Each structure stands twice: as structure tokens, then as C-alpha cells.
Amino acid sequence: MKTFKKSLEKNPEACQVLLSWWMDLDNNRGDRAYLRRCHNTVDIVFNPAYHRLWLALNKIGFGNRDSIALIAGVLANVKNHHDGEPFAAQMAHLKDGSNPQVSGLRFKRLLKIKEKEELFSSVVRIVKLMDGNVNACNLANSLYYWNDGTKKDWAYSYYEKAPESKH
């Protein structure tokens, strides 16, 4: 019997928990500033905002502490949630009229990352490159389930939108 993983993105309650937590960071600017200064997920777990997110997600069945620390650290750098397209497709959007926001080379390096610690710093840099405008729920789901399946989904989404994939 085949089992299916739960999805943070497709679970309305989980996505609402994530977005409410993220919006609440506007009322807790100290927590947001602290999370933005974190260099790794170990630093993140020393912040009460991380624990609020973990407790809320754990109640609905998403209890991977390390993945949630990664999500908390990355989402603290998100400025605007743009629903609709997957995060990987958003990376391929043209920034200056001819180049994607995230270059093909940077994207390929990202897909080679195995460890969540390395993923943390790379994705934070990418969110900043994108001026903080991302699909927060889709990104959180990808970070929670960072594996070969996620990487393949990202490759499909990115290259369907990337200008160089059309030549």
C-alpha cells in the first residue's frame, strides 16, 4: 500500500498556521530581527517565536523540529506572500527583463544541497535576491520535505518558467 506524505501547503490549517505566525512577526519585531540574524538552525531554536510555530504545527501533525527551525529562519526573511505559483517557478521569473531572479547555475547548486544547515543559508540568500516576495506556504512545504522528490518538483517548476529552457 502506497503512503502519501502530508502537505503543509495543501493543508489549509497548516498553511494558515504558517501565515498567521509569519504575520505575527510584524508584531514581534524583536523575534523577527533575531531570526534574521541567525546563522544556523541551532540559533533559531533559542527564540520563542520558533517554539510558537513548532507547537502550533505539531498540534496538527507536523512535528519535525529541525525542519520547522529551518522554516522559521527562512520565513523571517519573507516580506510578501505571493500565492499561486510554486517557489521554484518564482525563482525563474525575469528580474531585469532578460535574466531569471535566480540564475540557472545558482539553482543547480541549490539542488545539490543535501544538509538542511547548508540549505538554510542558501535559501535565505535566494529569498533576499527575490526581495522577499515568495509563496511562503509552498516554500515551507519544500523545506519541510527537502528530498529528491522535492528537488525534482523544483526542477520541473523552474525549467518550465526559465527563459533558457525555451531555447
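Residues numbered from 1 in each chain as written. Predicted model: local features only at pLDDT ≥ 70, side-chain atom pairs only at ≥ 80, totals over all residues. Heavy atoms only, no water.

*Asks:* Would you mind going over the overall build of the protein with me for this structure?
*Replies:* Of regular secondary structure, the protein possesses 10 helices and 2 strands. Helices and strands appear in the protein in the N-to-C order α-α-α-α-α-β-α-α-α-β-α-α. For a compact globule of 167 residues, the expected C-alpha radius of gyration is about 15 Å, and the protein comes in at 15 Å, within 12% of that figure. Overall, the C-alpha framework of the protein stretches about 50 × 45 × 25 Å when taken along its three principal axes. A total of 167 residues make up the protein; the buried ones form 47% of that total. Element-wise, carbon and sulfur atoms account for 52% of the exposed surface of the protein, whose accessible area totals about 9000 Å². Distance between charge centroids for the protein: 2 Å, based on 25 positive and 18 negative side chains. (Helix = DSSP H or I, 4+ residues; strand = E, 2+ residues; numbered from the N terminus. Rg over C-alpha atoms; globule rule 2.2 N^0.38 Å. Buried < 20%, exposed > 50% of the residue type's maximum accessible area, 1.4 Å probe, protein only. Areas by Shrake-Rupley, 256 points an atom, 1.4 Å probe, with all protein chains shown as cover. Lys, Arg positive; Asp, Glu negative; His and termini not counted. Charge placed at Lys NZ, Arg CZ, Asp CG, Glu CD.)

*Asks:* So what exactly am I meant to see when it comes to the environment of Asp 66 here?
*Replies:* In this fold, Asp 66 is placed in helix α5 (residues 65-75). In sequence terms Asp 66 and Ala 140 are 74 residues apart; their C-alpha atoms lie 12 Å from each other.

*Asks:* Any chance you could explain helix α8 (residues 116-129) here in plain terms?
*Replies:* Along an α-helix, residues three or four positions apart point the same way, because every turn accommodates 3.6 residues. Taking 1.5 Å of rise per residue, the 14 residues of α8 would be expected to cover 20 Å, and the 20 Å separating its terminal C-alpha atoms lies within 8% of that figure. Residues of α8 that are buried include every one of Leu 119, Phe 120, Ser 122, Val 123, Val 124, Ile 126 and Val 127, and no others. Structurally, α8 contributes buried residues whose contacts are with α3 (41-44), α5, α6 (87-91), α7 (104-111), β2 (133-134) and α9 (136-144). Phi turns positive one or two residues past the end of α8, at Asp 131, with a value near 55 degrees. (Expected span 1.5 Å × (residues − 1). Contact = heavy atoms within 4.5 Å.)

*Asks:* Before we go on, may I ask you to explain a negative patch on the surface in this structure?
*Replies:* A cluster of acidic residues, Asp 66, Glu 115, Glu 117 and Glu 118, forms a negative patch on the protein surface. Following the sequence through the fold, Glu 118 ends up in helix α8. (Patch = residues over 30% accessible without salt bridge, like charges linked within 9 Å, V, L, I, M, F, W, Y side chains within 5 Å. Salt bridge = Lys/Arg side-chain N within 4 Å of Asp/Glu carboxyl O.)

*Asks:* Would you take a moment to explain a positive patch on the surface for this structure?
*Replies:* The grouping of Arg 29, Arg 36, Lys 79 and Lys 128 at the surface amounts to a positive patch. Looking at where Lys 128 falls in the secondary structure, it is placed in helix α8.

*Asks:* Any chance you could explain α5 here in plain terms?
*Replies:* Most of α5 sits out of view: 9 of its 11 residues are buried. Turning to α5, its buried residues number three or more, namely Ser 67, Ile 68, Ala 69, Leu 70, Ile 71, Ala 72, Gly 73, Val 74 and Leu 75. Contacts from the buried residues of α5 go to α1 (12-24), α2 (29-37), α3, α4 (48-59), α8 and α9. Near the N-terminus of α5, the side chain that reaches the backbone nitrogen of Asp 66, with its oxygen 3.1 Å away, is that of Asn 64. (Polar contact = N/O pair within 3.5 Å; in protein donor to acceptor, adjacent residues only side chain to side chain.)

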